[in-house]
Each structure stands twice: as structure tokens, then as C-alpha cells.
Amino acid sequence: MSRITFSHPQNQFFSTLSRNVDAYFRENKIKITGNKKLHSKAIFLISLLTVSYVALLTISPGWFSIMICILLGFNFAAIGFNVMHDGAHGSFSNKKWLNELAAYSLNLLGASSFLWKIKHNVVHHSFTNIEDIDDDIDIKPWMRVSKGQPKFWFHKFQHIYWVFLYGITYILWVFYLDFQKYFSRKIAVHEINKISKQEHLIFWASKMFYLVLFVALPISIVGWKFWLLGYLTTGFVTGLTISIVFQLAHVVEEVEFPIPNEANKIQSEWATHQIQTTADFATKNKFVSWYLGGLNFQVVHHLFPRISHIHYPKIQQIVKETCEQFQVPYFEFQTVGGAIKSHVKHLKNLRD
Ligand SMILES: [Zn+2]
């Protein structure tokens, strides 16, 4: 693992902020994990997936099926945002087994929860936007998202072709990136120490289950041409949605891509680093907040990943007030459109 460290670990800002957040939960007598509202959302999303899947295999293929495939793509992404993500952070429920189950919903969608937990919880959350370590900003050589990355002639067009590239991310993840990590035992520079027998079994069994459920069975019922069209549609919508949501929080003009000094030290302390490398967007938009499972409140999420997203609107106020008190800049886009604009501008800035 990287030997990168952060400055001033005993920082007043984060200790005050943590105290204020703890006080909120204590005074209101609520748990930091998910509640019934979140659990019914999870049931709704999984039921919607089941209904869409059965519909696709029972109605005759046509325009209506394509509409369902688009809906299924958004549904896959929503399960990732709302169920898997909270589960992987242990914030979906106060019951360990339920968090595990929620995290494994990613395996149902074709990817490995085991590998994602390392990529996301260990690597991305600790070393956000640090070149060569944070695997989430590594789209090399296809895209250049930070100044430390090599430049190629085709980056001139990266503010245009990102749509296509993001669209294929999900399919690439399921059929290539997971296997690359699994066989190389590496996530960027981070080495995966050990994969238990149980995790090996779950990895292969769930990949097989996914292939049967979303490839073999549909092909045997609707034929390979309709399956391919439907699968690519669903996969493209899922990939584009999850990639955009990540990029709007970390790859925009307003955030930083800190470079460690010669001693491998980051100049800011950890909590300030999280705020400098992360942006919120459209947090007043009720639908966006519901659909994204609070991933538009990324600053709060990065500071308190073990708190369920259902609490983020309240916690955001506390974070904002404490940031103001300690003069730590906090950045937020008012709309999704504003954040997308900034992302495209960032890609343009890095093309030459
Ligand atoms: Zn997270």
C-alpha cells in the first residue's frame, strides 16, 4: 500500500466537526445507519428489477422492450447508489449480515463486491484524487483527467468522446476490469493481500450466475440479436449514469488533484483533503437526492462514509457551518447541468 501520509493528523477542524455530528445523532436519538425508508427503497428497486426482467423475457421484443432496457439501466445504477454503496460502507443497516447482503447486490449486477470494497473504501476514500493511487481517476490512456497524467493527441477530443467511453464502463467492468484486478491482485498500486476461499468461490459463482441470468437465458428466449441490442442499451445507460455521478463529484474544475511532496506527504490534513477534492451538486433537488442515494452529497459522504446517505441533508448543514467557522472552502454546484458543464470544461482544460 502507498506510504502517503497527510499533514497534521490531530486537526481541530475535524475533531470539532465530528463532535458536532455526534451531538446531532445523540440529541435526536437516531442511529447513523439506514432506516425503514431506505430499506423500503431497496425493496422497491429490487422488485422493479425483477418485474422489468420478467417483462423483457415474456413480451415480444420491440420499442417497448427498449424502453424497459433503458429503465433497467437506470435501475441497475440506482441499486448501486442506494443499496450496494451503503452496504459496502456498513451504513445500510446496523446488522452486519444485512450490510453484507446489500453489498453483494453488486454481484447480482455482474461485478465483484469484494474487489469494489478495496477499490472504493480503501483506495478511493483514503487517497481521493491522488494520481497513481486513486484508481477512480485512472482512465489512462483514454482520458486525461489530472495534470500528472500523460498527454496524447486524441485527448483533444476527450470532451466529446467521454459520453461513449463512460457508456461502456459498466460492461468493461463486468467482463474485463474485475478479472484484470482479480488475476493481477492489484488495484492501481495497491496490492490485494489475500483472497479467501469463500471470496474466490463467490467471485466465480456470481459471475456464472450473472452470465446465466443476463446472457444465456435471455438469448435462449429472445434470440441473440434482440438480447445484444437490449443488453448494450441497459449496459450503456448504467455505465453512463454511474460514471457521470462519480465524475461530477471529483473531476470538475473546482476541485483539486493534490500532489504529494518528496516525503510522500500531502500538504492538507485528511478531512480538508477530502473537501478540497470533492464537490456536491444539486443537493436541493429532491428527486436527484433520492435517485443518487445521497451521492450528490459527496462531501459529507467522504467525511463520514459510515453514516447512511439518508441523513446527509441534515449533516450537510453541520458540515457547512463548521467549514465556515474554520474557513475551509466547501464547494457545491446548484444544478446537475452546472456540474456537467464544469466537468466538460475540466476535460477541455486538460486536452492541451
Ligand atoms: Zn463511498
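Residues numbered from 1 in each chain as written. Predicted model: local features only at pLDDT ≥ 70, side-chain atom pairs only at ≥ 80, totals over all residues. Heavy atoms only, no water.

A. Region of interest: the overall build of the protein. When its secondary structure is counted, the protein shows 14 helices and six strands. The C-alpha radius of gyration computed for the protein amounts to 20 Å, which stays within 12% of the reference 20 Å derived for 352 residues, consistent with globular compactness. Considering only C-alpha atoms, the protein reaches an extent of 60 × 55 × 45 Å along its principal axes. Looking at the protein residue by residue over its 352 residues, the buried ones come to 54%. Long-range pairs, those at least 24 residues apart, make up 70% of the contacts in the protein between residues at least 6 apart in sequence. For the protein, the accessible surface area stands at approximately 17,500 Å², while carbon and sulfur atoms represent 65% of it. Seen as two clouds, the 34 positive and the 23 negative side-chain charges of the protein have centres 6 Å apart. (Helix = DSSP H or I, 4+ residues; strand = E, 2+ residues; numbered from the N terminus. Rg over C-alpha atoms; globule rule 2.2 N^0.38 Å. Buried < 20%, exposed > 50% of the residue type's maximum accessible area, 1.4 Å probe, protein only. Contact = heavy atoms within 4.5 Å. Areas by Shrake-Rupley, 256 points an atom, 1.4 Å probe, with all protein chains shown as cover. Lys, Arg positive; Asp, Glu negative; His and termini not counted. Charge placed at Lys NZ, Arg CZ, Asp CG, Glu CD.)

B. Looking closely at the packing of helix α3 (residues 63-88) against helix α9 (residues 224-250). Look at α3 against α9: their axes get within 8 Å of each other, and the N-to-C directions meet at 40°. Relative to α9, the crossing made by α3 is right-handed. Contacts between α3 and α9 involve Ile66, Cys69, Ile70, Leu72, Gly73, Phe74, Phe76, Ala77 and Phe81 from the first element and Leu229, Gly230, Thr233, Thr234, Val237, Thr238, Thr241, Ile242 and Val245 from the second. Tallied by class, residues from the contact of α3 with α9 come to 12 nonpolar, six polar and no charged. (Axes fitted to C-alpha atoms, helices over the stretch in contact; angles between N-to-C directions. Left-handed = near helix turned anticlockwise from the far one by under 90°. Nonpolar A, V, L, I, M, F, W, Y, C, P; charged D, E, K, R; others polar.)

C. Up close: the environment of Thr233. The residue Thr233 is located in helix α9 in this model. The class for Thr233 is buried, based on a relative accessible area of 16%. As for Thr233 and Phe154, which are separated by 79 residues in sequence, their C-alpha atoms are 26 Å apart. Apart from the residues lying within four places of it in its own chain, the contact partners of Thr233 are Ile66, Cys69 and Ile70.

D. Geometry of empty space enclosed by the protein. Counted according to the given criterion, the structure contains one cavity of 30 Å³ or more. Taken as a whole, the largest cavity encloses approximately 50 Å³ of empty space. What lines the largest cavity is simply Tyr104, Asn107, Ser112, Ser113, Phe114, Leu115, Tyr182, Glu199, Ile202 and Phe203. Taken together, the elements giving at least two residues each to the lining of the largest cavity come down to α6 (113-126) and α8 (197-222). A per-class count over the lining of the largest cavity returns six nonpolar, three polar and one charged. (1 Å grid on protein atoms, 1.4 Å probe; cavity = no way out; pocket = protein on both sides within 12 Å on 5 of 7 lines; lining within 4 Å. Points joined across faces, edges and corners; volume = space filled by probe spheres on them.)

E. Just the layout of surface pockets, in detail. Taken as a whole, the largest pocket holds about 1,100 Å³ of empty space. Along the walls of the largest pocket sit 46 residues, with Lys119, Asp135, Asp136, Thr169 and Leu177 positioned nearest its centre. Mapped by element, the contributors of at least two residues to the lining of the largest pocket are α3, α6, α7 (158-184), β2 (186-187), α9 and α12 (298-303). The biggest single contributor to the lining of the largest pocket is α7, with 13 residues. Among the residues making up the lining of the largest pocket, the classes are represented as 24 nonpolar, 14 polar and eight charged. Quantified by volume, the second largest pocket comes out at close to 600 Å³. As for the second largest pocket, its lining consists of 20 residues, of which Lys37, Ser289, His309, Ile310 and Pro313 are closest to the centre.

F. Molecular detail of the nonpolar core. Core analysis: the largest hydrophobic core is formed by 64 residues, its most contacted members being Phe81, Met143, Tyr166 and Leu292. Only α2 (36-58), α3, α4 (96-103), α7, α8, α9, α11 (286-291) and α14 (336-349) provide two or more residues apiece to this core. Per-element tally for this core: the top contributor is α3, with 11 residues. Leave out the neighbours within four places in its chain, and Tyr166 touches Ile139, Met143, Gly239, Leu240, Ser243, Ile244, Gln247, His343 and Leu347. (Core = buried A, V, L, I, M, F, W, Y, C linked by side-chain atoms within 4.5 Å.)

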